[in-house]
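Each chain, written out:
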Amino acid sequence: MTKQTMASGTDANCVRKVVTVQAPPAVAWRVFTEKMGTWWPLATYKIGKANAVDAVIEPRVGGRWYERGDDGSTCDWGSVLLWEPTSRLVLSWDISADWEYDSTLKTEIEVRFIADGKDATRVELEHRHLDRYGARRDEMRTIFDSTGDWGRLLESFARTAAA
């Protein structure tokens, strides 16, 4: 069982989501960073031409964040900006409003893993710098906040981490 809330805030340039994961921070971190392909809905949340079979975060600052196709191809999503196991991760999200990789976009996703009791973790996600989408900011904010929804992705992650 997971508990999800939306962190309140009025910043139109970011989306914040919070979920409580029924697993300690080290487990939550490992599932988020090493096993993304087990909880990310790759059949529909992908941008490459091939069928996506994994989502990979290379475990270091400067590492790539990408999807791997069933034909061995890769399609970048962004890069690792901050790597602080098992507490904090910052990734660039370089996917344009047209759902294509754009290395110049550089929106950011910060994920914090905070111990919540003995065997639970509060996971806080903030997707910021949405102003970098220009005239399409509001459209993208709606997608990240409710339509494509970081909240739904975090719920999937939380279920996998708790299993």
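Keep in mind it's a predicted model, so treat the numbers as computed, not measured.

Novice: What am I meant to see in the side chain of Asp94 here?
Specialist: Structurally, Asp94 can be placed in the loop between strand S6 (88–93) and strand S7 (107–115). Residue Asp94 is classed as buried on the basis of its relative accessible area of 0%. Non-local contacts of Asp94, meaning those with residues more than four positions away in its chain, are made with Trp77, Gly78, Ser79, Glu100, Tyr101, Asp102, Ser103, Leu105, Lys106 and Thr107.

Novice: Quick question: what am I supposed to make of the packing of helix H1 (residues 25–34) against helix H4 (residues 150–162) here?
Specialist: Geometrically, a packed helix pair is captured by the angle between its two axes and the distance between the axes. Relative orientation of the contacting elements H1 and H4 amounts to 120 degrees, with a least axis distance of 10 Å. What the angle tells us is that H1 and H4 run oblique. Both H1 and H4 take part in a crossing whose hand is right-handed. Of the residues in H4, those touching H1 at Val27, Ala28, Val31 and Phe32 are Leu154, Phe157, Thr160 and Ala161. Looking at the contact of H1 with H4 residue by residue, the classes come out as 7 nonpolar, 1 polar and no charged.

Novice: Looking at this model, I keep getting lost on the pairing of strand S4 (residues 64–69). Mind explaining?
Specialist: Taken residue by residue, a regular strand's side chains alternate between the two faces of the sheet. As paired elements, strand S3 (residues 52–57) and S4 share 5 bridges and run antiparallel to each other. Its bridge partner being in S4, Ala52 is matched across the sheet by Gly69. Counting the residues between successive antiparallel strands, the hairpin from S3 to S4 contains 6 residues, one of them, Gly62, with a positive phi of roughly 90 degrees. One ladder, built from 5 bridges, connects S4 with strand S5 (residues 74–84); its direction is antiparallel. Across the sheet, residue Glu67 finds its bridge partner in S5, namely Cys75. In sequence, S4 turns back onto S5 through a hairpin of 4 residues, with Gly72 there showing a positive phi of about 90 degrees.

Novice: Would you take a moment to explain the packing of aromatic side chains for this structure?
Specialist: The relation between two aromatic rings is expressed through the spacing of the ring centres and the mutual angle of the planes. Going through the model one piece at a time under the given rule, you end up with 19 aromatic pairs. Between the aromatic rings of Trp93 and Phe144, the centroid separation amounts to 6.0 Å while the plane-to-plane angle is 90 degrees, which identifies the pairing as edge-to-face. On the criterion of sequence distance, the pair formed by Trp93 in strand S6 and Phe144 in helix H3 (residues 137–147) is long-range, its members being 51 residues apart. Each of the two residues, Trp93 as well as Phe144, counts as buried.

Novice: Would you mind going over the environment of Pro59 with me for this structure?
Specialist: Structurally, Pro59 is set in the loop between S3 and S4. The sequence separation of Pro59 and Val80 amounts to 21 residues, and the corresponding C-alpha distance is 7.8 Å.

Procedures and definitions
- Residues numbered from 1 in each chain as written.
- Predicted model: local features only at pLDDT ≥ 70, side-chain atom pairs only at ≥ 80, totals over all residues.
- Heavy atoms only, no water.
- Helix = DSSP H or I, 4+ residues; strand = E, 2+ residues; numbered from the N terminus.
- Buried < 20%, exposed > 50% of the residue type's maximum accessible area, 1.4 Å probe, protein only.
- Contact = heavy atoms within 4.5 Å.
- Axes fitted to C-alpha atoms, helices over the stretch in contact; angles between N-to-C directions.
- Parallel < 35°, antiparallel > 145°, perpendicular 65-115°, else oblique.
- Left-handed = near helix turned anticlockwise from the far one by under 90°.
- Nonpolar A, V, L, I, M, F, W, Y, C, P; charged D, E, K, R; others polar.
- Pairing = 2+ DSSP bridges.
- Phe/Tyr/Trp six-rings, centres within 6.5 Å; stacked < 30°, edge-to-face > 60°.

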